[in-house]
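# Structural overview
Take a look at the letters that make up each chain.
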Amino acid sequence: MVKSAEISLTKIFISYAREDGGSIALKVKNYLENLKYEVFLDKVKIIGGERWNEKLRKSIISCDILIVIITPAALRSEWVGKEVKEATNRGRYIIPIRQNTARNYPLEWGLDRLQIIDYQIDDEEDYSRLYTKISESIIAYAKDPEVSDTLKRRLEHKKRLRLSIYCTLAVVTLVAVVLFFYLNPQQIVSYQFLKSWG
């Protein structure tokens, strides 16, 4: 059984064309972040001065899932194509979601071999169904035994890292207190004097 804490460690990259997919990309990102997933969306994760093509490549390498938003502009986009190909070459799980405006366009980059999740643009009720389908796809991905083991290891690593940070902070605090009293013997005298009055 896959625990929600493990599933939430899944890293997701959203590939889209800004021209006609920016709005839905942001909605999907917000929905997934509310579920505590780590989501990469270039609109908000690339800062000024960064080499964005390298940042995109590294983000795809480190992601578990690539969600590609299929729109007419995305199907014409060289960058969306590169992102999908990079994810495919690295064996990433791909969830293609297709806007109704792109249904009559031929699919590119091997997406025609994957189960497509269709949605109706500007239909809040359909967005709800879309979010449910995306969640089901992520859970199905996480239930794969090999993936589940990876997520468990990632969760254990995160717990160990957190514990080591707490231990380090405790040791640093203890050393600071000892040094404070060692370097300021007057403080010890004052402390003993106050304690005798206390």
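See the structure printed just above.
Keep in mind it's a predicted model, so treat the numbers as computed, not measured. (Residues numbered from 1 in each chain as written. Predicted model: local features only at pLDDT ≥ 70, side-chain atom pairs only at ≥ 80, totals over all residues. Heavy atoms only, no water.)

## Details of the overall build of the protein
A tally of helices and strands in the protein yields nine helices and five strands. When each of the 198 residues of the protein is scored for burial, the buried share is 36%. Pairs at least 24 apart in sequence give 69% of the contacts found in the protein among residues at least 6 apart. Carbon together with sulfur atoms contributes 55% to the accessible area of the protein, which is approximately 12600 Å² in total. (Helix = DSSP H or I, 4+ residues; strand = E, 2+ residues; numbered from the N terminus. Buried < 20%, exposed > 50% of the residue type's maximum accessible area, 1.4 Å probe, protein only. Contact = heavy atoms within 4.5 Å. Areas by Shrake-Rupley, 256 points an atom, 1.4 Å probe, with all protein chains shown as cover.)

## Re the packing of aromatic side chains
Evaluated as defined, the whole model comprises five aromatic pairs. Ring geometry for Phe13 and Phe40: centres 5.0 Å apart, planes at 10°, overall stacked. Residue Phe13 is found in strand S1 (residues 11-15), and its partner Phe40 is found in strand S2 (residues 38-40); the two are separated by 27 residues along the sequence. Per residue, the accessibility class of Phe13 equals that of Phe40, and both read buried. (Phe/Tyr/Trp six-rings, centres within 6.5 Å; stacked < 30°, edge-to-face > 60°.)

## Digging into helix H6 (residues 78-89)
Helix length check: H6 (twelve residues) gives 16 Å between terminal C-alpha atoms against 16 Å at 1.5 Å per residue, within 8%. Among all positions in H6, only Val80, Gly81, Glu83, Val84 and Ala87 are buried. Down the axis of H6, the smallest arc covering the buried residues is 165°, so these residues share one side. For H6, the exposed residues set more than 90 degrees away from the buried face come down to Glu78 and Asn89. Just past H6, the residue Gly91 takes up positive phi, approximately 75°. (Expected span 1.5 Å × (residues − 1). Arc of directions from axis to C-beta.)

## Observations concerning the side chain of Arg98
Within the fold, Arg98 resides in strand S4 (residues 93-99). Among all residues touching Arg98, those that are not within four sequence positions of it are Ile70, Arg103, Leu107, Ile116, Ile117, Asp118 and Tyr119.

## Things to note about the nonpolar core
Within soluble globular proteins, side chains that are nonpolar generally end up buried alongside one another. Formed by 23 residues in total, the largest nonpolar core has its most connected members in Ile14, Val28, Leu32, Ile67 and Ile97. Those elements giving two or more residues to this core turn out to be S1, helix H2 (18-34), strand S3 (65-70), S4, strand S5 (117-119) and helix H7 (124-143). Per-element tally for this core: the top contributor is H7, with six residues. If we skip the residues at most four places from it in the chain, Leu32 touches Ile12, Tyr37, Val39, Ile67, Ile134 and Ile138. By size, the runner-up hydrophobic cluster in this structure holds 19 residues, among which are Ile60, Leu66, Val80 and Ala87. (Core = buried A, V, L, I, M, F, W, Y, C linked by side-chain atoms within 4.5 Å.)

## Considerations on the sheet that holds S5
Strand order across the open sheet formed by five strands is S2-S1-S3-S4-S5, with parallel pairing between neighbours. This sheet does not close on itself; its edge strands, each paired only once, are S2 and S5. Between one strand axis and the next, the sheet turns through 25° on average, direction left out of account. Where S1 and S3 come together, four bridges link them in parallel fashion. For Ser15, the partnering residue across the bridge sits in S3 and is Val68. Taken strand by strand, H2 contacts S1, S2, S3, S4 and S5, and its axis lies near 145° from that of S3. (Pairing = 2+ DSSP bridges. Axes fitted to C-alpha atoms, helices over the stretch in contact; angles between N-to-C directions.)

## Thoughts on the side chain of Asp64
For Asp64, the location among the structural elements is in the loop between helix H4 (52-62) and S3. We classify Asp64 as buried; its relative accessible area is 9%.

## Considering the pairing of S3
When you tally the buried positions in S3, you get six out of six residues, the bulk of the element. Every second residue of S3 is oriented toward a common face, with Ile65, Ile67 and Ile69 on one face and Leu66, Val68 and Ile70 on the other, all of them buried.

## Looking at the environment of Arg103
Within the secondary structure layout, Arg103 lies in the loop between S4 and S5. In this structure the C-alpha to C-alpha distance between Arg103 and Tyr119, which are 16 residues apart in sequence, comes to 9.9 Å. Among all residues touching Arg103, those that are not within four sequence positions of it are Arg98, Asp118, Tyr119 and Gln120.

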